[in-house]
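# Understanding the architecture of this molecule
Okay, here's what each chain looks like letter by letter:
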Amino acid sequence: MASSREYLEFILGQLSGLEEITHRAMMGEYILYYRGRVIGGIYDDRLLVKPVPAAVSRMPEAPRELPYEGARPMLFVGDVDDREFLAELIGAMYEELPAPKPKKRRQALQEREK
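Not measured: the values here are computed from a predicted model. (Residues numbered from 1 in each chain as written. Predicted model: local features only at pLDDT ≥ 70, side-chain atom pairs only at ≥ 80, totals over all residues. Heavy atoms only, no water.)

Within the secondary structure, R58 sits in helix α2 (residues 53-58). For the pair R58 and G13, spaced 45 residues apart in the sequence, the C-alpha separation amounts to 21 Å. Ignoring any residue separated from it by four or fewer positions in sequence, one finds R58 in contact with F85, E88, L89 and A92. Polar contacts involving the side chain of R58 include one to the side chain of S57, which spans 3.5 Å. (Helix = DSSP H or I, 4+ residues; strand = E, 2+ residues; numbered from the N terminus. Contact = heavy atoms within 4.5 Å. Polar contact = N/O pair within 3.5 Å; in protein donor to acceptor, adjacent residues only side chain to side chain.)

Put into structure tokens, the structure is as follows:
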């Protein structure tokens, strides 16, 4: 089951206090980014975040759920109505999230310039 655009808009509204929240549609679901880093996504109208230590410590009882078959488990965010909690959660996660990988095209151009 794909996620609805309405649920995406609801979550984006809940995260509107944070700057630089972006998303990308992927196979009927939505990947969420904060300041260029992947924080999680919306899968089957569920907000799931990466299980980095900051997220686990703020949601120790959160169930781990699969976003799709074959994926790594992520933390289910059940309290999506609390904007303050969501902003604090994602802000705390940022430093523990991996930086985006450089695009291959950029790497190739950089290699040619050397």
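If you walk through the whole model with that rule in mind, you get 4 salt bridges. One salt bridge in this structure joins R5 and E9, with 3.2 Å as the shortest N-O distance. Highlighted residues: R5 and E9, both in helix α1 (residues 5-14), separated by 4 residues, approximately one helical turn. The residue D44 makes a salt bridge to R46 at a minimum N-O spacing of 3.8 Å. One network of salt bridges, with partners in common, ties together D44, R46 and E65. (Salt bridge = Lys/Arg side-chain N within 4 Å of Asp/Glu carboxyl O.)

The biggest cluster of nonpolar side chains holds 28 residues, and the ones touching the most others in it are I11, L32, I42, L47, M59, V77 and M93. By residue number, the principal contributor to this core is helix α3 (residues 83-93), which donates 5 residues. If we ignore the near neighbours within four places in the chain, the residues touching I42 are S3, Y7, L8, I11, E29, Y30, L32 and L47. Membership of the second largest hydrophobic core comes to 5 residues, among which are I31, Y43, L48 and M74. (Core = buried A, V, L, I, M, F, W, Y, C linked by side-chain atoms within 4.5 Å. Buried < 20%, exposed > 50% of the residue type's maximum accessible area, 1.4 Å probe, protein only.)

With antiparallel pairing, the 6 strands of this open sheet are ordered in space as β1-β2-β3-β4-β6-β5. Of all the strands in the sheet, the pair left with one neighbour each is β1 (21-26) and β5 (64-65). For β5 and strand β6 (residues 74-76), the ladder comprises 2 bridges, and the chain directions are antiparallel. Opposite R64, over in β6, you have L75 as the bridge partner. Sheet strands touched by α1: β1, β2 (29-34), β3 (37-43) and β4 (46-49). Its angle to β2, the strand with the most contacts, is close to 15°. (Pairing = 2+ DSSP bridges. Axes fitted to C-alpha atoms, helices over the stretch in contact; angles between N-to-C directions.)

Don't take any of this as a statement about function, it's just geometry.
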